[in-house]
Amino acid sequence: MMQEWANSAIETAKRRGATYADARVMDIRHRDISTKNGEVGTLAESESLGIGIRVIASGAWGFSSTDRLTREGVDACAAEAVAIAKASALAKRENVALVPEKSYVDTWQNPFLKDPFRIPVERQIGLLLAADKEMRRVKGVTVAEGSMSFRRIEQLFVSSAGSSIHQIKMQSGAGIVATSFAGSEIQKRSYPSSFGGQHMLQGYELVESFDLVGNAGRIAEECVALHSAAQCPEGQGTIILGSSQLGLQIHESIGHPIELDRVLGMEANFAGMSFLTTEKLRKLKYGSDIVNVVADARLEHGPGLGTFAYDDEGVAAQCTPIITDGLFTGYLSSRETASSIGEKRSGGTVRCESWNRLPMIRMTNISINPGTWKYDDLIADTGDAILMDTNRSWSIDDKRYHFQFSTEIGWEIKGGKKGRMIKNPSYSGITTEFWNSCDAICSRDYWTLWGTPNCGKGQPQQVMGTGHGASPARFRNIKIGVAFAK
Amino acid sequence: MAIKSKSPIADLERIAERVLKLSDADETEVDIGSTTDALTRFANNTIHQNVAEHTLGISVRAVVDGRTARATTNKTDDESLRRAVEAAVSLARNEPENPGLLPMLRTQKYQKVARFFPATAAATPQDRARAVTRVCKMAEKRKQTAAGIFSSGVSQSLLANSKGLFAHYEQTHSEFSVTILEERSSGWAKSNSPDIRTLDPEVLAESASRKAAESREPREIPAGRYTTILPPSAVLDLVGFLFYDFAGTAVLDKRSCFTGRMGKKLLGDNITLWDDVYHPLQTGPPYDGEGLPRQKVLLVDKGVPKNLVYSRATAKKMKARPTGHGFSLPNEYGEAPMNLVFAGGDKSLDEMVRTTERGILVTRLWYIREVDPYEKILTGMTRDGTFLIENGRVAGGIRNLRFNESIIEMLSNVEMLGPAVRAAGEESFEMVVPAMKVRDFHFSEVTKF
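Residues numbered from 1 in each chain as written. Chains lettered and ligands numbered in written order. Predicted model: local features only at pLDDT ≥ 70, side-chain atom pairs only at ≥ 80, totals over all residues.

In this section: the overall build of chain A. Looking only at helices and strands, one finds 10 helices and 24 strands in chain A. Against the globule reference of 23 Å for 486 residues, chain A gives a C-alpha radius of gyration of 23 Å, in line with a compact fold. Along the first, second and third principal axes, the C-alpha atoms of chain A reach 70 × 55 × 40 Å. When the 486 residues of chain A are sorted by exposure, 62% land in the buried category. (Helix = DSSP H or I, 4+ residues; strand = E, 2+ residues; numbered from the N terminus. Rg over C-alpha atoms; globule rule 2.2 N^0.38 Å. Buried ≥ 20, exposed ≤ 12 C-beta atoms within 10 Å, placed from the backbone.)

Put into structure tokens, the structure is as follows:
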């Protein structure tokens, strides 16, 4: 049926005057489970099936979507998309132009071992409650929480240029959090990462690999210990970022500024613009010589939340060098934005949250290549520093220059040795100054492809999962502790 | 082409009846939402995105042997509805018993709210395109660049259960947001309303244009503590971070900034706020996720946190009365006030500026995140028109600043309040808030533009 609905949409759009049309039929299934203090919180499943139709007519874009999947419903939706495009043309300055892309007829599914929807929910709840119990064994923990979420996204992309691409993506994620209130302070520790844990394009085997129960007691103890830890000092100094924190640093200070729609002003009203104006391409020294960053949507990069075979405008997955030996070398682009800056091909980074949303440029897997350092050697080589791990808050300006991050936990490094625990760690800086201060990156052995499942962009806002591979890295002369400065 | 509501309430009612008939659970609840939305997006003085969507969600909650779970579908055929019911029942059967689960509500009485405006429902892509074209032409004439959105839509919802509860709600919504850019500056304005006739895109664009022009060539001033004038949209984006702190569950879990502080003087004498869904500038249904009528609740009285809001289950745990603020079950968060209304004052922004010797006038705040949940320190940036005030006058644009400010301190340092208005920001849902002149607002760093 998916093929029939999509074909019908394309035919109607063409008949109504569209010079280009594509349709995405998406069938999305979710399972969400959460627990808190020994009880089940959320326990829900959902499914959503519909079609989104994007057209160019009279030289302008139109988009409409519907879940009324009858011949009449789909045709009305396609006709509405064309009518909207014609209304858009009222304020048109020039015709929409797209760079060429081959047409593909293909089918793809990410590999996974265990279908999370076939795992009994009782077992999944049981795992979260077991971790919950371990956290609450630790005196001082006031809230113990756990969550799992699973997504199965089946989609068919059909275009008037002849593409017909069927993809199935299975996504899994889980995490636990211990929170402790004491005196006038709330502290928390998360595992494997904060804000929902770790998420990848994998099956339930990912969740089993975390050993949530085995790590629950450790994070609970760290959480309570934070109350009596030393406050993060204020000043300039060396920091080492754990790999999940570095993943978010990449997301905010590299991933967003390289989005070409932001650069070209299309997001100016909401998500903002970018300091990476087009004259900086292949000229700006973004980072130090050891900083190499790629945007890689291919499966060979790993099963990240930005992994696929084709993007949502039918462009094959690619690896784009973003920073090469410190030099800024590439943007995230679409067929339209690539055309705007004279590139020959889209970088293949366009995705939509669901069938009712317009595809737009989104990060794929934006990852920093591993360096050469062993972790212990890096610590021993460092002298004095603060090691910061697991994000607690993040903020960056609307051109992606100035950022401030804080993490859940830190440790003092003195004379090359990991010492006492530090609470409320934070650091801030200017994006290019920060990346140019990077002087050591740990090797592949410490590299993790982290998933950020909650990246918001667009109007209406779309939440998308992105991937960020990173290993711990060291940065010199960084401003530390400003978040809590009086 | 007008937005035509695809699923009038009668259609939703028929779906609800079918769901309830299909279920043999001990208790069944069905929550149906239908939306028709359209949004015209512009940038670089042209429309670059123009979208419409029609969506329907049928969410079924089943109770079996003291356990409850939810399943949702957007398909209305018998097979899909049956599958949703079976999924809810099956999920519920496979979880541990929930001793805190209360029986579903019986029929309730609701106060009427009128938030459906035919003019909004009738707005067409052509209407939006014409307004956007006028704004883009104005910007072009001034050698400026416009970007923004103009949206309109209709949403309907219905909540029913096997105990006889039946509630429904219908609302229109419209929003216009505009950023006007110059080479080294920008301005912004935004408004939303259930009644599209109250939006004036050209007036909003004029305001954004003026801010962009007046903040040309921004200069850098040092970070520090400044008297700061926050328009309602900026106040909204900051105080929005307080909303969950008023949840009974947040206090029970000891993760509210009001833990141990209820009934004690915490904020300034001039800070009073309620949750009031019935306020004429508010929107939303007059009932909560379980169908309990929402009550008006005094949250803070002259700087003293007085009351929290409670779902039925939280109220039972905390020996309080439920206030009609519960989220749909099952959930771990309990409840929250979703219709905050601040008491305002009578000072205009002009008067706030005139009485400021040296300070900062903000247009918009951005990327606000919580740094310390108990002292309620927030960080974020200014954006789209930040101005220095000297000797009672706006003395030109300044580079954007990062703030790290405790909202508790901020609401203790409010020197002047404007009239409370329905404000639209980016970080929070809409509220009724005043502009504020705040003493010693803490800006910690400066950015490059």
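Take the interface of chain B and chain A next. Of the residues lining the interface, 73 residues belong to chain B; the matching set on chain A comes to 69 residues. With 11 residues, the single largest contributor to the side of chain B that touches chain A is strand β2 (residues 46-64) of chain B. Residues belonging to the side of chain B that touches chain A are distributed by class as follows: 29 nonpolar, 27 polar and 17 charged. By the bridge criterion, three bridges tie strand β2 (residues 39-57) of chain A to strand β3 (residues 67-73) of chain B in an arrangement that is parallel. Bridge pairing in β3 of chain B places serine 46 of chain A opposite threonine 72 of chain B. (Contact = placed C-beta atoms within 7 Å. Nonpolar A, V, L, I, M, F, W, Y, C, P; charged D, E, K, R; others polar. Pairing = 2+ DSSP bridges.)

Glancing now at the domain arrangement of chain B. Residues and elements named next belong to chain B. Partitioning chain B into structural domains gives domain 1 (9-202) and domain 2 (218-449). Computed over C-alpha atoms, the centres of domain 1 and domain 2 are 25 Å apart. With 31 residues of domain 1 in contact, the opposing surface of domain 2 contributes 26 residues. By residue number, the principal contributor to the side of domain 1 that touches domain 2 is strand β6 (residues 186-193), which donates six residues. Counted by class, the side of domain 1 that touches domain 2 contains 11 nonpolar, 12 polar and eight charged residues. (Domains from an automatic or database assignment.)

This part covers the domain arrangement of chain A. Residue and element names in this part refer to chain A. By the assigned domains, chain A splits into domain 1 (2-228) and domain 2 (230-484). Each partner contributes to the interface: domain 1 provides 45 residues, whereas domain 2 provides 41 residues. Tallied by class, the residues present in the side of domain 1 that touches domain 2 amount to 18 nonpolar, 18 polar and nine charged.

Among the secondary structure elements, serine 23 of chain B is positioned in the loop between α1 (9-22) and β1 (27-43). Expressed as a C-alpha distance, the spacing of serine 23 of chain B and arginine 312 of chain B, which sit 289 residues apart in the sequence, is 24 Å.

Turning our attention to the confidence of the model for chain B. Residues and elements named next belong to chain B. Here chain B shows a mean pLDDT of 96. Residues at 70 or above account for 98%. Within the model, the stretch residues 1-5 combines pLDDT values under 50 with 18 contacts to residues more than four positions away or in other chains. Interface confidence for the predicted complex, expressed as ipTM, amounts to 0.95; the pTM equals 0.96. (pLDDT = per-residue confidence, 0-100.)

This brings us to the packing of helix α2 (residues 71-88) of chain A against helix α4 (residues 125-141) of chain B. Direction vectors running N to C along α2 of chain A and α4 of chain B enclose 20 degrees, while the axes themselves pass 9 Å from each other. Accordingly, the angle class assigned to the pair α2 of chain A and α4 of chain B is roughly parallel. Helix-helix and strand crossings are classified by hand; for α2 of chain A and α4 of chain B the assignment is right-handed. When α2 of chain A is examined against α4 of chain B, the residues Ala83, Ile84, Ala87 and Ser88 of chain A are found in contact with a partner set consisting of Pro125, Gln126 and Ala129 of chain B. Looking at the contact of α2 of chain A with α4 of chain B, its residues break down into five nonpolar, two polar and no charged. (Axes fitted to C-alpha atoms, helices over the stretch in contact; angles between N-to-C directions. Parallel < 35°, antiparallel > 145°, perpendicular 65-115°, else oblique. Left-handed = near helix turned anticlockwise from the far one by under 90°.)

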